Amino acid sequence: MTTRIMGTGSCLPQTVVTNDDLAKIMDTSDEWIRTRTGIRERRLAKEETTSFMCCEAALRALEDAGMSGEEIELIIVGTLTGDYVTPSTACEVQAKIGAKRAVAFDVNAACSGFLFALHIAHAYLQAGIYQNALILGAETLSKIMDWSDRSTCVLFGDGAGAAVLKRDERGVLSFDMGCDGAKGHVLSCKGRPNNNPLVSHPTEPEFVHMDGQEVYKFAVGRVPKSIQSVLAQSGMDAGDISWFVLHQANIRILQSVAKRLGVSEEKFPISLDHCGNISAASVPILLDEMNQKGMLKRGDKIVLSGFGGGLSWGSVLLEW
Ligand code: COA
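Residues numbered from 1 in each chain as written. Predicted model: local features only at pLDDT ≥ 70, side-chain atom pairs only at ≥ 80, totals over all residues. Heavy atoms only, no water.

This paragraph deals with the site of the ligand. Around the ligand, 23 residues are found, and the nearest of them are Thr28, Arg150, Gly212, Gln213 and Asn250. Between the ligand and Asn250, the relevant distance is 2.5 Å, taken from an oxygen atom to a side-chain nitrogen or oxygen of the residue. Burial of the ligand by the surrounding chains reaches 71%, relative to a free accessible area of 970 Å². Placement of the ligand is best described as lying within the second largest pocket. Among the secondary structure elements, those contributing two or more residues to the shell around the ligand are helix H2 (30-37), helix H6 (150-153), helix H7 (212-233), helix H8 (251-261) and strand S12 (301-308). (Near = heavy atom within 4 Å. Polar contact = N/O pair within 3.5 Å; in protein donor to acceptor, adjacent residues only side chain to side chain. Areas by Shrake-Rupley, 256 points an atom, 1.4 Å probe, with all protein chains shown as cover. 1 Å grid on protein atoms, 1.4 Å probe; cavity = no way out; pocket = protein on both sides within 12 Å on 5 of 7 lines; lining within 4 Å. Sits in = over half its atoms within 2 Å of the grid points. Helix = DSSP H or I, 4+ residues; strand = E, 2+ residues; numbered from the N terminus.)

What follows is the structure, encoded as structure tokens:
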């Protein structure tokens, strides 16, 4: 027995912000952003919260799977931008979708969050502890961006994606997961400083800091190795794979990974052009868009791969 994806769903905020819109409020241009990243526009949240987008995505995934919230036994949300420090986003989802039986918690693995949620859920399902799970990747990254730092804020967007999992005879074939905490500083966002009566710190809000070139080098070096590892574990080569569904950070990263694997770029579907980088939400949103378009056929071999803050990475090879 393994773990199969039974349904997908996603939710983006209403408001579209184009590169030209950003050029009106900072020193940038559509040409700079598009040629360096492939991003044309992104959605930014106004009223939408991380938990709201999660619930919408979850309900759509449940409908796609033909299941109800009451049946779900486990909920894991990959996020670093929940509405609260506590309760977790997963507990908010549990309440709103009526998943009364479910155990619910969040994981923070940044842009690899959906892959880490899938890996954890797979372990629970394989152990026979739960029969099904709802996993999500969701972010409101716009609230932790420094909107005066043009080299970072233009890259990111907001949204949520979800998948319903079940124990099944086909599905997940192999995983490759990893972290390199020693390099975590190249993509970071500090939490609240200690502010107890023994210490006094200014409580300025903290924003995302990124060394773009170091992150780029990490991604183009690590991701092909991670994908080669899941292929080798399953005795397959890149030619056996129908789709490589990668975290949507930058079109140049996708092109470089395709080249290193010797695979046509056409096998690397894209949502970053209209979504930007939505960290943990990128992979499930793209997967849902492909599912809605009928691009995923039963029996297709698919690789999902996430990478980013931590530094962290995770890849899975699965049969649809
Ligand atoms: N608009 C216009 N100019 C900008 C700009 C913007 N939004 N952001 C930076 N620039 C300028 C810089 O100030 C610099 O100007 P200078 O040469 O006069 O000093 C110039 O563009 C080049 O900046 P640089 O940072 O060297 O650009 P780059 O070619 O490395 O591209 C990234 C920057 C961020 C697009 C690229 O490094 C990247 O994609 N990295 C990976 C990031 C990523 O994917 N992170 C998430 C992973 S989960």
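This part covers the pattern of salt bridges. For the coordinates displayed, the defined rule picks out 12 salt bridges. Among the ionic pairs, Lys24 bridges to Asp21, the shortest N-O distance being 3.6 Å. Note on Lys24: relative accessible area 67%, which makes it exposed. On the basis of relative accessibility, which here comes to 29%, the residue Asp21 falls in the partly exposed class. (Salt bridge = Lys/Arg side-chain N within 4 Å of Asp/Glu carboxyl O. Buried < 20%, exposed > 50% of the residue type's maximum accessible area, 1.4 Å probe, protein only.)

Quick look at the nonpolar core now. Counting residues in each nonpolar core, the largest one holds 44 residues, and the members touching the most others are Ile227, Phe244, Leu246, Val257, Phe268 and Phe307. Contributing elements (two or more residues each) for this core: H7, strand S11 (243-246), H8, S12 and strand S13 (312-319). The leading source of residues in this core is H7, at 8 residues. Taken domain by domain, this core gets at least three of its residues from each of domain 1 (2-168) and domain 2 (174-319). Excluding residues within four positions of it along the chain, Leu246 makes contact with Val223, Ile227, Leu254, Val257, Phe268, Val283, Leu286 and Ser305. (Core = buried A, V, L, I, M, F, W, Y, C linked by side-chain atoms within 4.5 Å. Domains from an automatic or database assignment. Contact = heavy atoms within 4.5 Å.)

What UniProt calls "active site" (unreviewed entry) maps, in this numbering, to Cys111, His247 and Asn277. In summary, the annotated positions, though distributed over 167 residues, converge in three dimensions, the widest C-alpha pair being only 8.8 Å. Put simply, the named residues that line the largest pocket are Cys111. Summarising the element assignment, His247 is placed in the loop between S11 and H8. Judged by its relative accessible area of 1%, His247 is buried. Sequence-distant contacts of His247, defined by excluding residues within four places in its chain, comprise Cys111, Leu254, Asn277, Ser279, Ser282, Val283, Ser305, Gly306 and Phe307. Looking at His247, its side chain comes within polar contact range of the side chain of Asn277, at 3.3 Å. Within the fold, Asn277 resides in the loop between helix H9 (272-275) and helix H10 (282-292). Asn277 has contacts with Ile39, Cys111, Leu141, Leu155, Phe156, Gly157, His247, Gln248, Ala249 and Ser282, leaving out every residue within four places of it along the chain. (UniProt positions renumbered as here; feature names shortened; annotations may be inferred.)

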